Amino acid sequence: MLDTLLAKFHDARFMTLLLAAIAVTATVYTLLTPLLAGDGLAKRMKAVASERERIRARERDRLSKNERVSLRQSPKQLISKVVTDFNLGKWLAQEAALDKLVMAGYRGQAPYITFLFFRAVMPILFLIFSVVYVFAISHLEQSMPIKIGICLVATYLGMQAPMIFLKNAISKRQLSIRRAFPDALDLLLICIESGMSIEVAFRKVSIEIGSQSVALAEEFTLTTAELSYLQDRKVAYENLAKRTGLEGVKSVCLALMQSERYGTPLGQSLRVMAQENRDMRMNEAEKKAAALPPKLTVPMILFFLPVLFVVILGPTGIKVAAMQ
């Protein structure tokens, strides 16, 4: 059975058909995913509403009992048991990872415990898979140090896999927030100049901006809850800047904190910052457009030019071969 499987993997025709099937499946999945995807806005906003209720309960208990109440969700029992039994919180705990989880949209203790679990499990899984593949399946004709090096590299990749996943999630979330933030600032400016308070403005903008960026709507809703229930409003703005990790959001939060402290007019500051964020978004788009021709050079040389040569010179080559 194993020999037959290995022979199939070394068969060029079989591998070509397999890769073609994978490519067709990926293409069909890419085309059908937008049609089958449901509206995640209602689900995310419901989760944010439950988060707001937990903030309210925490603040009420803190005011009544004068003690800190933990705002956490319970992780899965198996994952929690593994993390507790092996004391992974001591060996693998990282404050930077906790901040990155918040920036990626994973709040509470459950995602952190899950992150610690995968930080411990993924290197072991990658090591086992690499050992089985190198020594039992592929039968590489390499020296033993090279095989051991391959296994160690696979183990290192398994160790870095959770962090890579977090970085990708943060990048996608920040991109969504960055694209929708100038429009959100315009809406926030309109709400404030119409006479709304900052809490009502944030709540209104979170509802309107949800169709464009669910992540930004979620952050604004949490900020609204914190502005309503935290004693120091400055903490709510600092938390918003910390959760997003974007310079544009930090500048706006700083302007809001200065307005709260010194009573400066907020409308003009928001108008200037909205224009700056819009210019930054346009500059980023222009930078990507300017970088497109150099990026297309290598694909043009490798894929387009050979096809053009075949189409142009193919008939001539056929006629020359027929004359000989």
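Residues numbered from 1 in each chain as written. Predicted model: local features only at pLDDT ≥ 70, side-chain atom pairs only at ≥ 80, totals over all residues. Heavy atoms only, no water.

Trainee: Pulling in residues and values, what's your account of the overall build of the chain?
Mentor: Along the chain, the regular secondary structure elements total 14 helices and 0 strands. Starting at the N terminus, the α and β elements of the chain follow one another as α-α-α-α-α-α-α-α-α-α-α-α-α-α. By the burial criterion, 29% of the 324 residues in the chain qualify as buried. Taking the intrachain contacts of the chain between residues at least 6 apart in sequence as the baseline, contacts between residues at least 24 apart amount to 65%. (Helix = DSSP H or I, 4+ residues; strand = E, 2+ residues; numbered from the N terminus. Buried < 20%, exposed > 50% of the residue type's maximum accessible area, 1.4 Å probe, protein only. Contact = heavy atoms within 4.5 Å.)

Trainee: For the packing of aromatic side chains, give the residues involved together with the corresponding values.
Mentor: By the definition in use, this model includes 3 aromatic pairs. Between the aromatic rings of F117 and F118, the centroid separation amounts to 5.4 Å while the plane-to-plane angle is 80 degrees, which identifies the pairing as edge-to-face. A relative accessible area of 36% means that F118 is categorised as partly exposed. Between F202 and F220 the ring centres are 5.0 Å apart and the planes differ by 85 degrees, which places this aromatic pair in the edge-to-face class. A residue pair is termed long-range when its members are at least 10 positions apart, and F202 in helix 9 (residues 198-208) and F220 in helix 10 (residues 214-229) qualify at 18 residues. F220 carries the same exposure label as F202, and that label is buried. (Phe/Tyr/Trp six-rings, centres within 6.5 Å; stacked < 30°, edge-to-face > 60°.)

Trainee: Any details on helix 12 (residues 247-262)? Residues and values, ideally.
Mentor: Compared with an ideal rise of 1.5 Å per residue, which puts 16 residues at 22 Å, helix 12 spans 22 Å between its outermost C-alpha atoms and is within 8% of the ideal. Buried within helix 12 we find G248, V249, V252, C253, A255, L256, M257 and S259. Elements in contact with the buried residues of helix 12: helix 8 (144-193), helix 9, helix 11 (233-244) and helix 13 (266-290). (Expected span 1.5 Å × (residues − 1).)

Trainee: Before we move on, could you go through the environment of Q258 and cite the residues and values that matter?
Mentor: Note that Q258 resides in helix 12. Taking the C-alpha atoms as reference points, Q258 and K234, separated by 24 residues in sequence, lie 9.2 Å from one another. Discounting chain neighbours no more than four positions away, the residues touching Q258 are G263 and T264.

Trainee: Tell me about the nonpolar core, residues and numbers included.
Mentor: A general feature of soluble globular proteins is that nonpolar side chains tend to end up buried together. With 35 residues, the main nonpolar core has L188 and I198 as its most contacted residues. Of all the secondary structure elements, the ones that give two or more residues to this core are helix 8, helix 9, helix 10, helix 11, helix 12 and helix 13. With 9 residues, helix 8 is the largest single contributor of residues to this core. Not counting residues within four places of it along the chain, the set of residues in contact with I198 comprises L188, I192, L227, R233, Y237, L256, E260 and L266. The next biggest cluster of nonpolar side chains, apart from the first, holds 11 residues, and it includes A97, A104, L166 and A169. (Core = buried A, V, L, I, M, F, W, Y, C linked by side-chain atoms within 4.5 Å.)

Trainee: Describe empty space enclosed by the protein, listing the residues and the values that go with them.
Mentor: Throughout the structure, instances matching the rule amount to 1 cavity of 30 Å³ or more. There is about 40 Å³ of room inside the largest cavity. Taken together, F181, L185, L188, F202, F220, L240, V249, V252, C253 and L256 form the lining of the largest cavity. Tallying contributions element by element places helix 12 first for the lining of the largest cavity, with 4 residues. Classifying every residue of the lining of the largest cavity by side-chain character gives 10 nonpolar, no polar and no charged. (1 Å grid on protein atoms, 1.4 Å probe; cavity = no way out; pocket = protein on both sides within 12 Å on 5 of 7 lines; lining within 4 Å. Points joined across faces, edges and corners; volume = space filled by probe spheres on them. Nonpolar A, V, L, I, M, F, W, Y, C, P; charged D, E, K, R; others polar.)

Trainee: I'd love a proper account of helix 11, names of residues and values included.
Mentor: Here helix 11 spans 17 Å end to end across 12 residues, near enough to the 16 Å set by a 1.5 Å rise per residue. Three or more residues of helix 11 are buried, namely A236, Y237, L240, A241, R243 and T244. The arc enclosing the buried residues of helix 11, seen along the axis, measures out at 165 degrees, which places them on a common side. For helix 11, the N-terminal cap is D232; the gap from its side-chain oxygen to the backbone nitrogen of K234 is 3.2 Å. G245 sits one or two residues past helix 11 and shows a positive phi near 70 degrees. (Arc of directions from axis to C-beta. Polar contact = N/O pair within 3.5 Å; in protein donor to acceptor, adjacent residues only side chain to side chain.)

Trainee: Pulling in residues and values, what's your account of the pattern of salt bridges?
Mentor: Taken as a whole, this structure holds 14 salt bridges when the rule is applied. Here E199 ties to R233 by a salt bridge, and the two come within 2.3 Å at their closest N and O atoms. With E199 in helix 9 and R233 in helix 11, this residue pair connects regions lying 34 residues apart in the sequence. You can call E199 buried: its relative accessible area is 16%. The class for R233 is partly exposed, based on a relative accessible area of 23%. (Salt bridge = Lys/Arg side-chain N within 4 Å of Asp/Glu carboxyl O.)

Trainee: Which residues make up the confidence of the model for the chain, and what values go with them?
Mentor: Of the residues in the chain, 78% reach a pLDDT of 70 or more, and the chain-wide mean stands at 79. Considering only residues more than four positions removed or in separate chains, one finds that residues 66-73, a stretch of pLDDT under 50, has 15 contacts. (pLDDT = per-residue confidence, 0-100.)

Trainee: Any details on the side chain of S206? Residues and values, ideally.
Mentor: Tracing the backbone through its elements, the reader meets S206 in helix 9. In contact with S206, not counting residues within four places along its chain, are A217, F220 and T221.

Trainee: Before we move on, could you go through the packing of helix 7 (residues 109-137) against helix 8 and cite the residues and values that matter?
Mentor: Packing of helix 7 against helix 8 brings their axes to within 8 Å, and their N-to-C directions diverge by 150 degrees. The angle between the axes of helix 7 and helix 8 places the two elements in the roughly antiparallel class. By crossing handedness, the relation of helix 7 to helix 8 is classed as right-handed. Tallied by class, residues from the contact of helix 7 with helix 8 come to 19 nonpolar, 3 polar and 2 charged. (Axes fitted to C-alpha atoms, helices over the stretch in contact; angles between N-to-C directions. Parallel < 35°, antiparallel > 145°, perpendicular 65-115°, else oblique. Left-handed = near helix turned anticlockwise from the far one by under 90°.)

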